[in-house]
Protein chains: 2
Amino acid sequence: MSLAQIESFVTVAETGNVSRAAERLRIAQPALSRQIRSLEDELGAPLFARTSRGMRLLEAGERFLQHARQILAAVAAAKCAVSERPSA
Amino acid sequence: MSLAQIESFVTVAETGNVSRAAERLRIAQPALSRQIRSLEDELGAPLFARTSRGMRLLEAGERFLQHARQILAAVAAAKCAVSERPSA
DNA sequence: CATGCTTACGGATCACGTAACCATG
DNA sequence: CATGGTTACGTGATCCGTAAGCATG
């Protein structure tokens, strides 16, 4: 599991659409599709249902989404923490 | 920034020693040294002071460490969340 | 000269983008 | 046939381990 995969997952969850998410992330659609697939493989369970109109979050995906957002927030905070002035 | 880098950082911080941390992580010492270096490069600031006896956390490193542990904990929680039973 | 971090280098793996493919409405 | 996800494939980048280098006490 990589941070890129986690960010990809959140973006697909928010757009409900791999194509649009790929635009937002500035990567090609197949690359994003692969990232989602490999994330699901690693977790051992699908996170999305593939419908004819896009990607719909499953329950496992909803649960994962909450933690995914926490992870990204913690990463952002970690980056900020390094550049804080020492006295803070 | 990758999760592997974050785990590497925490292990080096805990051991104060790249060599010992590499053993614990089951990777070669130069690989670990590179991960730490590239993490510092990306963050734009050193996290450790290189002493003749090993690695000592700097203030920026101490601040980063707290968030790094949060990130790893959130990742572990995310993995668990996927396999929880749906009713939970 | 023992300990410990870093740099050089070659090779394997990974991850991307383009192109082709398949399914649905 | 338009939309949207997946598979195939070749290539460029990444990352590892071994080996050599460098600093310190």
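The preceding data block contains the structure.
Note that the coordinates shown come from a computational prediction; the quantities given were computed from them, not determined experimentally. For every chain, the first residue of the written sequence is number 1, and numbering continues from 1 onward in sequence order. Chains carry letters from A onward and ligands carry numbers from 1 onward, assigned in written order. Residue-level local features of this predicted model are given only where pLDDT is at least 70; pairs of side-chain atoms are given and counted only at 80 or more, and the full residue set underlies all totals for whole chains, interfaces and linings. Each side-chain value is worked out from all heavy atoms of the structure, with water and hydrogens disregarded.

A. View of the interface of chain A and chain B. The interface of chain A with chain B comprises 23 residues on the first partner and 25 residues on the second. Across the interface of chain A and chain B, roughly 2000 Å² is buried in total on both sides, 73% from carbon and sulfur atoms. A simple way to read buried area is as the amount of 1.4 Å-probe accessible surface that goes missing from two parts once joined, with both sides added. Counting the surface chain A buries against chain B, the share from its top three residues, L3, R63 and V82 of chain A, is 30%. What counts as a salt bridge is simple: a side-chain nitrogen of Lys or Arg found within 4 Å of a carboxyl oxygen of Asp or Glu. For the pair chain A and chain B, the interface holds 1 salt bridge. Residues R63 of chain B and E84 of chain A are paired through a salt bridge, measuring 4.0 Å at the closest nitrogen-oxygen approach. Definition of a polar contact: a pair of N or O atoms within 3.5 Å, with one able to donate and the other able to accept a hydrogen when the atoms are protein atoms, and with sequence-neighbouring residues admitted only if both atoms are side-chain atoms. Counting the contacts that link chain A with chain B gives 6 residue pairs in polar contact (both at pLDDT 80 or more). Numbering of helices and strands starts at the N terminus; helices are DSSP runs of H or I of at least 4 residues and strands are runs of E of at least 2. Counting only elements with at least two residues in the side of chain A that touches chain B, the list comes to α3 (29-43) and α4 (59-83) of chain A. Residues are grouped as follows: nonpolar covers Ala, Val, Leu, Ile, Met, Phe, Trp, Tyr, Cys and Pro; charged covers Asp, Glu, Lys and Arg; every other residue, Gly included, is treated as polar. Tallied by class, residues from the side of chain A that touches chain B come to 15 nonpolar, 2 polar and 6 charged. For this analysis, residues touch if any pair of their heavy atoms sits within 4.5 Å.

B. Geometry of the packing of aromatic side chains. Residues and elements named next belong to chain A. Centres within 6.5 Å make a pair out of two Phe, Tyr or Trp rings, where for Trp the six-membered ring is used; the pair is then stacked when the planes are under 30 degrees apart, edge-to-face when over 60, and tilted otherwise. Enumeration according to the criterion identifies 4 aromatic pairs over all chains in this entry. Aromatic pair F9 and F48: ring centres 5.4 Å apart, planes at 45°, arrangement tilted. Separated by 39 residues along the polypeptide, F9 in helix α1 (residues 3-15) and F48 in strand β1 (residues 48-51) bring together distant segments of the chain. Grouping residues by exposure puts F9 and F48 together as buried. Aromatic ring contacts, followed pair by pair, group F9, F48 and F64 into a single cluster. Burial classes: relative accessible area under 20% of the type maximum marks a residue as buried, over 50% as exposed, and values in between as partly exposed (1.4 Å probe, protein chains only).

C. Quick peek at the relation of the copies chain A and chain B. Expressed as a screw operation, the relation of chain A to chain B combines 0.0 Å of axial shift with a rotation of 180°, fitting to an RMSD of 0.1 Å. Both copies are brought into coincidence by an operation consistent with a two-fold rotation axis. In terms of proximity to the rotation axis, the leading residue of chain A is I71 of chain A, whose C-alpha is 2.7 Å off the axis. Least squares is the method used to superpose the copies, on C-alpha atoms of residues holding a pLDDT of at least 70 in both.

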